[in-house]
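Examining the three-dimensional arrangement
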Amino acid sequence: MHIRPATPADIPRIMSLERQSPTAGHWTEGLYRQVFRPEGPVRLLLVAESRDLKPGAEGPSILGFLIAHHLAPEWELENLVVAPGARRKGLGTCLLEALLHAARETNGSVFLEVRESNAPARALYENAGFKQTGRRHSYYKSPSEAAILYRWTVA
Ligand SMILES: CC(C)(COP(=O)(O)OP(=O)(O)OC[C@H]1O[C@@H](n2cnc3c(N)ncnc32)[C@H](O)[C@@H]1OP(=O)(O)O)[C@@H](O)C(=O)NCCC(=O)NCCS
């Protein structure tokens, strides 16, 4: 597995991964395309790619991705998804560490919000050193649920 910046050619595979994860954020293709426009907001879009090539596949499969918005000095983690079959192998942590590395390099902090019931994601963030900073009642819709706010700052 290796982590690299995404390219526009990755968008269909990123969207396919995102659609397999009901708890992930869901973006339109247009929003993903904006990531690559030079005049758009500064974003980090990373993919974790398998090193194995499946027979008949056009390229290595994308096992996970992370997208974050940079408005210096802050980074907002907007989405982090690992393919269902590749979870619990440290991939989510690797992607998150790549963002924390970028935050350290820019002397920044990282914030995010997550559904209160999303125990896997909350455990991942807490293990990585994120601290809970708030709770927003009924923040999410369909189904309605509170958001838990987390922040990571350089130690
Ligand atoms: C959250 C998510 C990205 C985690 O990815 P992952 O690659 O499985 O995470 P890791 O293997 O790096 O796990 C790191 C730690 O997080 C915690 N964790 C991850 N999945 C967990 C689960 N299902 N239950 C409990 N803890 C979990 C554990 O503490 C784990 O460490 P451990 O395996 O040593 O116990 C993945 O579950 C996912 O894609 N979920 C759907 C999309 C989503 O909800 N994204 C968050 C949007 S805010």
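Quick look at the structure, then. The structure displayed is predicted, hence computed values, not measured ones. (Residues numbered from 1 in each chain as written. Predicted model: local features only at pLDDT ≥ 70, side-chain atom pairs only at ≥ 80, totals over all residues. Heavy atoms only, no water.)

All right, on to unusual backbone geometry then. Residue Pro-73 follows Ala-72 across a cis peptide bond; omega there is 5°. Examined against the element boundaries, Pro-73 turns out to sit in the loop between strand E3 (62-71) and strand E4 (74-82). The residue after Ser-142, namely Pro-143, is reached through a cis peptide bond having omega 0°. Relative to the elements of secondary structure, Pro-143 occurs in the loop between strand E6 (131-140) and strand E7 (145-153). A positive phi angle is found at Ser-138, which is not glycine, with a value near 50°. Inspection of the secondary structure assignment puts Ser-138 in strand E6. The partly exposed category is assigned to Ser-138, whose relative accessible area is 25%. Non-glycine residue Ser-142 carries a positive phi angle of around 45°. Structurally, the position occupied by Ser-142 is in the loop between E6 and E7. (Helix = DSSP H or I, 4+ residues; strand = E, 2+ residues; numbered from the N terminus. Buried < 20%, exposed > 50% of the residue type's maximum accessible area, 1.4 Å probe, protein only.)

As a further point, take the side chain of His-70. Inspection of the secondary structure puts His-70 in strand E3. Classification of His-70 as buried rests on a relative accessible area of 15%.

This part is about the nonpolar core. In this structure, Phe-65, Leu-77, Val-110, Tyr-125 and Phe-130 are the most contacted members of the largest nonpolar core, which totals 43 residues. Sorting the residues of this core by element identifies helix H1 (11-19), strand E2 (42-49), E3, E4, helix H3 (91-105), strand E5 (109-115), helix H4 (119-127) and E7 as the ones contributing at least two each. Tallying contributions element by element places H3 first for this core, with seven residues. Not counting residues up to four positions away in its chain, the partners in contact with Phe-65 are Ile-14, Leu-17, Glu-18, Tyr-32, Leu-45, Leu-46, Val-47, Asn-79, Leu-80, Val-81 and Leu-95. (Core = buried A, V, L, I, M, F, W, Y, C linked by side-chain atoms within 4.5 Å. Contact = heavy atoms within 4.5 Å.)

This part takes up the packing of aromatic side chains. Applying the stated criterion across every chain yields a total of five aromatic pairs. Judged by centre distance (6.2 Å) and plane angle (55°), the ring pair of Tyr-125 and Tyr-150 falls under tilted. Pair noted here: Tyr-125 is in helix H4 and Tyr-150 is in strand E7, with a separation of 25 residues, a long-range link. Between Tyr-139 and Tyr-140, the ring centres sit 5.1 Å apart and the planes meet at 90°, which makes this aromatic pair edge-to-face. Site record: aromatic cluster; members linked through ring pairs are Trp-27, Tyr-32 and Phe-65. (Phe/Tyr/Trp six-rings, centres within 6.5 Å; stacked < 30°, edge-to-face > 60°.)

A few words now on the site of the ligand. Near the ligand there are 19 residues, and of these Thr-23, Leu-80, Thr-93, Asn-118 and Asn-127 occur at the shortest range. A distance of 2.7 Å separates a nitrogen atom of the ligand from a polar backbone atom of Leu-80. One of the side-chain N or O atoms of Asn-127 is found 2.6 Å from an oxygen atom in the ligand. Every element with two or more residues in the shell around the ligand is listed here: E4, H3 and H4. A per-element tally of the shell around the ligand places H4 first, with six residues. By residue class, the composition of the shell around the ligand is ten nonpolar, six polar and three charged. (Near = heavy atom within 4 Å. Polar contact = N/O pair within 3.5 Å; in protein donor to acceptor, adjacent residues only side chain to side chain. Nonpolar A, V, L, I, M, F, W, Y, C, P; charged D, E, K, R; others polar.)

Moving on: the environment of Arg-115. With respect to the element layout, Arg-115 can be found in strand E5. By relative accessible area, Arg-115 is classed as buried at 15%. Sequence separation between Arg-115 and Ser-138 is 23 residues; the distance between their C-alpha atoms is 9.8 Å. Look past the residues within four positions of Arg-115 in its chain and what remains in contact with it is Arg-122, Tyr-140, Lys-141, Ser-142, Pro-143, Glu-145 and Ala-146. Within the structure, Arg-115 has its side chain in polar contact with the backbone oxygen of Lys-141 (distance 3.0 Å).

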